[in-house]
Amino acid sequence: MTAELRLCETDFIEEGEALRVELEGHAPFAVYHDGETFYVSDDLCSHGAASLADGMLSDGRIECPWHSGSFCLKTGAALTFPATEPIRVYPATVRDGWVFIEKPEAG
Ligand code: FES
C-alpha cells in the first residue's frame, strides 16, 4: 500500500485560492482549489524564493507573485518568462473532505 500525506481539509481553501502547507520532513507544499479541482505543487517558485500559494490562480495555472512567471499545475511546466524551470507537482486525491498526495520520495 502506498503511503499518503494528508495535506489539508478542502474547506480550508476557498475556490480560486491556495494554501501553503508545511509538514515535518517535507519542503512546503501549495494546495490550490481551482473550480472543482484541487492541485498540489511544491510551494517554492523555481525562479526565486516566492511562495506560489500567494500567487494568482486561474485555469490550471499559477502565476508567481514576484515576477509573474507562471506554471501549469497539471504538468509543472514553466509557461511564462522569467520562469524557465518546472516545479514539482503531485497528483491530488480528495477523500472524506481532505486533500491527499502520495508520499513523495525525498529530493
Ligand atoms: S520568483 Fe517566481 S517568477 Fe521570480
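Cut-offs used in this document
- All residue numbers here refer to positions counted from 1 along the written sequence of the relevant chain.
- Per-residue local features of the predicted model are confined to residues with pLDDT of at least 70, and side-chain atom pairs are confined, for both listing and counting, to 80 or more; whole-chain, interface and lining totals are unaffected and use all residues.
- Values reported for side chains reflect all heavy atoms of the structure, with hydrogen atoms and water molecules removed beforehand.
- Secondary structure is summarised from DSSP: a helix means a run of H or I of at least four residues, a strand means a run of E of at least two, and numbering begins at the N terminus for each.
- For each residue, the accessible area found with a 1.4 Å probe, counting protein chains only, is set against the maximum for its type, and the residue is called buried under 20%, exposed over 50%, and partly exposed in between.
- DSSP bridges decide pairing: two strands pair if at least two such bridges lie between them.
- Two N or O atoms form a polar contact when they lie within 3.5 Å of each other; inside protein one atom must be a possible hydrogen donor and the other a possible acceptor, and for residues adjacent in sequence the pair counts only when both atoms belong to side chains.
- Contacts between residues were defined by any pair of non-hydrogen atoms, one from each residue, lying within 4.5 Å.

Overview of the overall build of the protein
- A tally of helices and strands in the protein yields 0 helices and 11 strands.
- From first element to last, N terminus to C terminus, the protein shows the α and β order β-β-β-β-β-β-β-β-β-β-β.
- Principal-axis analysis of the C-alpha atoms gives the protein an extent of 40 × 30 × 20 Å.
- Within the protein, buried positions represent 39% of all 107 residues.

With respect to the pairing of strand 4 (residues 37-42)
- Of all 6 residues in strand 4, 5 are buried, a share of seventy percent or more.
- Where strand 3 (residues 29-34) and strand 4 come together, 6 bridges link them in antiparallel fashion. Bridge pairing in strand 4 places Ala30 opposite Ser41.
- Summarising the sheet, strand 4 and strand 9 (residues 89-90) pair through 2 bridges and their orientation is antiparallel. Its bridge partner being in strand 9, Val40 is matched across the sheet by Tyr90.

Digging into the side chain of Ser41
- With respect to the helices and strands, Ser41 occurs in strand 4.
- There is a polar contact of 2.7 Å between the side chain of Ser41 and the side chain of Tyr32.
- Not counting residues up to four positions away in its chain, the partners in contact with Ser41 are Phe29, Ala30, Tyr32, Leu52, Leu73, Ile87, Arg88, Val89 and Tyr90.

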